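# Analysis of the macromolecular model
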Amino acid sequence: TEYLFYVGQRDLACHLIKGEKGMAIIDSGMPQSASLIIENIKILGLDPKQIKYILLTHSHVDHLGGADRIREISGAQIVVGERDVNMAEHPETDWGYKGFKIDRALKHLDVIDLGDIKITCHHTPGHTVGTISYSFNLPFEGKMLTGGLFGGHGLDSIDSERSAKIFSATLD
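Rules used throughout
Residues numbered from 1 in each chain as written. Predicted model: local features only at pLDDT ≥ 70, side-chain atom pairs only at ≥ 80, totals over all residues. Heavy atoms only, no water. Axes fitted to C-alpha atoms, helices over the stretch in contact; angles between N-to-C directions. Helix = DSSP H or I, 4+ residues; strand = E, 2+ residues; numbered from the N terminus. Parallel < 35°, antiparallel > 145°, perpendicular 65-115°, else oblique. Left-handed = near helix turned anticlockwise from the far one by under 90°. Contact = heavy atoms within 4.5 Å. Nonpolar A, V, L, I, M, F, W, Y, C, P; charged D, E, K, R; others polar. Pairing = 2+ DSSP bridges. Salt bridge = Lys/Arg side-chain N within 4 Å of Asp/Glu carboxyl O. Buried < 20%, exposed > 50% of the residue type's maximum accessible area, 1.4 Å probe, protein only. Polar contact = N/O pair within 3.5 Å; in protein donor to acceptor, adjacent residues only side chain to side chain.

### Concerning the packing of helix 1 (residues 34-43) against helix 3 (residues 67-74)
Contact geometry of helix 1 with helix 3 gives a least axis separation of 9 Å together with a crossing angle of 45 degrees. In terms of orientation, helix 1 lies oblique with respect to helix 3. Crossing of helix 1 against helix 3: the hand is right-handed. Only Arg69, Ile70 and Ile73 of helix 3 make contact with helix 1, whose side of the interface consists of Ala34, Ile37 and Ile38. Looking at the contact of helix 1 with helix 3 residue by residue, the class counts come to five nonpolar, no polar and one charged.

### Let's talk about the pairing of strand 2 (residues 15-19)
Note that strand 1 (residues 4-6) and strand 2 share three bridges and pair antiparallel. Paired with phenylalanine 5 across the two strands is leucine 16, which belongs to strand 2. Of the strand pairs in this sheet, strand 2 and strand 3 (residues 22-26) are connected by five bridges, and their pairing is antiparallel. Looking across to strand 3, one finds that histidine 15 is bridged to isoleucine 26.

### As for the pattern of salt bridges
Taken as a whole and assessed by the stated rule, the structure comprises five salt bridges. Residue arginine 71 is joined to aspartate 68 by a salt bridge in which the shortest nitrogen-to-oxygen separation is 2.6 Å. Taken together, the residues arginine 71 and aspartate 68, both in helix 3 and three residues apart, mark about one turn of the helix. For aspartate 68, a relative accessible area of 26% gives the class partly exposed. Of the charged contacts, one joins glutamate 82 and lysine 107 as a salt bridge, the two residues approaching to 3.2 Å between their closest N and O atoms. Taken together, the residues glutamate 82 in the loop between strand 5 (77-81) and helix 4 (85-89) and lysine 107 in the loop between strand 6 (104-106) and strand 7 (111-113) connect sequence positions 25 residues apart. Judged by its relative accessible area of 41%, glutamate 82 falls in the partly exposed class.

### Quick notes on the side chain of histidine 58
Here histidine 58 lies in the loop between strand 4 (51-55) and helix 2 (61-64). The class of histidine 58 is buried, set by a relative accessible area of 1%. One polar contact links histidine 58 to threonine 57, side chain to side chain, over a distance of 3.0 Å. Within the local environment of histidine 58, its side chain forms a polar contact with the side chain of histidine 127, the two groups lying 3.4 Å apart. If we skip the residues at most four places from it in the chain, histidine 58 touches Asp27, His63, Leu64, Val80, Asp84, His127, Thr128, Thr131 and Gly151.

### Considering the sheet that holds strand 9 (residues 132-140)
Paired through their backbone hydrogen bonds, the strands of a sheet run either parallel or antiparallel. With antiparallel pairing, the four strands of this open sheet are ordered in space as 7-8-9-10. Two strands close off the open sheet at either side, each with one partner strand: strand 7 and strand 10 (143-149). Strand-to-strand twist across the sheet, computed as the mean angle between neighbouring axes with direction ignored, equals 20 degrees. In terms of strand pairing, strand 9 meets strand 10 through seven bridges, oriented antiparallel. Each bridged residue has a counterpart across the sheet, and for proline 139 the counterpart in strand 10 is methionine 144.

### Focus on the sheet that holds strand 4
Judged by pairing direction, the sheet is mixed, and its six strands sit side by side in the order 1-2-3-4-5-6 without closing on themselves. Only two strands of the sheet have a single neighbouring strand rather than two, namely strand 1 and strand 6. When strand polarity is set aside, the average angle formed by the axes of neighbouring strands in this sheet is 25 degrees.

### Quick notes on unusual backbone geometry
One non-glycine residue, aspartate 27, lies in the positive phi region at around 70 degrees. Relative to the elements of secondary structure, aspartate 27 occurs in the loop between strand 3 and helix 1. Taking the relative accessible area as the measure of exposure, aspartate 27 reaches 4% and is therefore buried. With a phi angle near 75 degrees, leucine 109 is a residue other than glycine that sits in the positive phi range. Within the element layout of this structure, leucine 109 appears in the loop between strand 6 and strand 7.

In structure tokens, the structure reads:
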């Protein structure tokens, strides 16, 4: 489709959604992933300065690590689930980033508007307390298709009593 592109690495996903009012990327890989993501966007013939939003599924370094650098290049807003803001801004460990300012905290059912494409945010805690999944409709061959991206581990990844307690603690 001309609206959805994969711009990540083999083992660290990053998707780009292109609308009439700009583009959004979902996740940004590790800190060293930013230059590769930007290059992949350019290879597609797209302008990274058209990125309006960097949508993060959750605040782990392999999903938000490149976000601050991509924001510097594009001027995009970095957004994450409201319950993950503190973790993004003040990480407990140093995995190659020191934390950075989040521009917008997402709530369940918030909508990111790219004009002809709207991205709906779904609070899906479990992997982190603020994990967000995204759904969107994209035109394809005269039809509207619904797509989505799941933001993190769910019940199928709970393999111990400790995991179950962590997951239960994220539920309202």
